[in-house]
Amino acid sequence: MANDSPYDYDLIVIGAGSGGVRAARVAAGLGRKVAIIEEDKVGGTCVIRGCVPKKLLAYAAAYRKSLQAAPAFGWDMQAQFDWSTLKANKDAEVDRLNRIYLRLLADSGVELYQGHGRLTGAHSVTVNGETLTAGHILIATGSHNVCPDIPGIELAIDSDGALSLERLPQRMAIKGGGYIAVEFASIFNALGVEVYLVYRGNPVLRGFDMDIRIFAQKAFSANGIQVINNADVMAVRQVDEYKELSLSNGEILTVDAFLCATGRRPNTRDLGLHEVGVAVAEDGKILVNREQQTSVASIYAVGDVCNDYNLTPVAIKEGHLLAERLFAGGSRYPEYDNVPTAVFSILEIATCGFTEEQAKAHCSDIAVYTSTFRPMKYAMSTVEEKTFIKMIVDKANDKVVGLHIAGADAAEILQGFAAAMKAGITKERLDATIGIHPTSAEEIVTLR
Ligand code: NDP
């Protein structure tokens, strides 16, 4: 019993992914009695079937260009790629991280229930036939891939399936032009698969700055990805061991694997939301206020199940600050301006703040600075890849309101500049910063 509380726990968290685990551990660290319920592996999408395994594959894919550049640096080598080695090592690493997550929960005193959690009241949840009660309940169940209902869609795999392929296909078609589509297109292309990226728009990565989108799509094509714009996969059928895809432009594609990467939906199935009165938006997201509180005062939500970001660090921030507010008198709230994000495609893309279009809508006058250059690490080699940087400044106060990078190490470079943007950095202060030479990042402090 939690102190003199009438409940079994101070906090019950449903969903042991990034946001849920962080909230549970912070609350337990503050001396609260906490339970967490998970029906799958502890760690959630990010650790088990998202960011982490995807990034491991992206590292594997990045060797392609390093190997191509190597002879110019005096390295003479024969390289062979073996998918089964990569897959086995990636699976072992995910298992290791899963064990770390389990240990972190145990060490912080959080009680883990493996099973499906379902709300039965404002303060009660059932799991495996047992009823648990708590002063506060947090829903952090994340999201899942969704595919449109086209004929033969059951023949498609989603990103979970792509991460667990037993064999590398010879040819793969991907439907979609967002984060997952371009990341997996880049990975499989670099690992030797013939990749067709079928996207209903043009260019890929809607929502990103247009110059970045154009630059990135050109780079993807130059890397060998066959980008098919303004077309969609309308139907799939199995023909012998192949998948035959009918496209809206009349083309037929014959491939060994078909990956559908058309967005994600919140995991709200059989949570008892309706019965308990937790309001849900039309797109399936749980509605929350600034306190992360749902329409039932004692029930909260964080992460993909309720926010628009589908980004691990956002879920972690929401979970952490919620636990502090609930149990330590915290007064901090997540800030959603200047949320940096990266696409781990080849070319890598990282972005923070406004696109040029958004900046024009928010600022009365803007200045745009761009730079395109060949990174030094490829200069002597046959690798043609270039880096593109775009900075947008609000002329009224000289503040940097948008920074976009497409090129090697984009994410690593942008993280530090995102902190500067949060702190309100001006172009004048960037100009006063001494660059680190020779780096790609120094371009950002020398833009003219
Ligand atoms: P996205 O929302 O990024 O992209 C979905 C893509 O599918 C878009 O190109 C969209 O086209 C297209 N699409 C949607 N519905 C249909 C349809 N019915 N028919 C044909 N095409 C369709 O989703 P993802 O699945 O790639 O990723 C989900 C989210 O997960 C991302 O938004 C991101 O927040 C997160 N994520 C983050 C990563 C990271 O941080 N590196 C990596 C992977 C995922 P259109 O543009 O025309 O709408």
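A short tour of the structure in this document, coming up. From a predicted model like this one, the values you see are computed outputs, not experimental measurements.

**Some points on the sheet that holds strand β12 (residues 242-247)**
Where strands meet in a sheet, backbone hydrogen bonds hold them as pairs that are either parallel or antiparallel. Strand order in this open sheet of three strands is β11-β12-β13, and the pairing throughout is antiparallel. Edge positions in the sheet fall to β11 (233-239) and β13 (252-255), since each of these pairs with one other strand and no more. Sheet twist, expressed as the average angle between the axes of neighbouring strands with direction ignored, equals 20 degrees. Here β11 pairs with β12 via six bridges, running antiparallel. Within the sheet, the bridge partner assigned to Gln238 lies in β12 and is Lys243.

**Section: the packing of aromatic side chains**
Enumeration according to the criterion identifies six aromatic pairs in this entry. Between Tyr9 and Tyr113, the aromatic rings sit 6.4 Å apart at their centres with planes inclined by 90 degrees, giving edge-to-face as the arrangement. In this pair, Tyr9 is assigned in strand β1 (residues 9-14) and Tyr113 in strand β3 (residues 111-114), connecting sequence segments 104 residues apart. As far as burial versus exposure is concerned, Tyr9 and Tyr113 are alike and both buried. By the ring-pair criterion, three or more aromatic residues cluster together here, those being Trp83, Phe184 and Phe188. Looking at Lys33, its charged tip hangs above the ring of Tyr9, at a distance of 4.9 Å from the centre.

**Details of the site of the ligand**
If you check the shell around the ligand, you find 22 residues, and the closest are Gly177, Ile180, Tyr199, Arg206 and Ala342. Within the backbone of Gly177, one N or O atom sits 2.8 Å away from an oxygen atom of the ligand. Within the side chain of Arg200, one N or O atom sits 2.9 Å away from an oxygen atom of the ligand. Out of a free accessible area of 910 Å², the ligand has 78% covered by protein chains. It is helix α6 (residues 179-190) that contributes the most residues to the shell around the ligand, three residues altogether. Looking at the shell around the ligand residue by residue, the classes come out as nine nonpolar, six polar and seven charged.

Definitions and limits used
- Residues numbered from 1 in each chain as written.
- Predicted model: local features only at pLDDT ≥ 70, side-chain atom pairs only at ≥ 80, totals over all residues.
- Heavy atoms only, no water.
- Pairing = 2+ DSSP bridges.
- Helix = DSSP H or I, 4+ residues; strand = E, 2+ residues; numbered from the N terminus.
- Axes fitted to C-alpha atoms, helices over the stretch in contact; angles between N-to-C directions.
- Phe/Tyr/Trp six-rings, centres within 6.5 Å; stacked < 30°, edge-to-face > 60°.
- Buried < 20%, exposed > 50% of the residue type's maximum accessible area, 1.4 Å probe, protein only.
- Lys NZ or Arg CZ within 6 Å of the ring centre and 35° of its normal.
- Near = heavy atom within 4 Å.
- Polar contact = N/O pair within 3.5 Å; in protein donor to acceptor, adjacent residues only side chain to side chain.
- Areas by Shrake-Rupley, 256 points an atom, 1.4 Å probe, with all protein chains shown as cover.
- Nonpolar A, V, L, I, M, F, W, Y, C, P; charged D, E, K, R; others polar.

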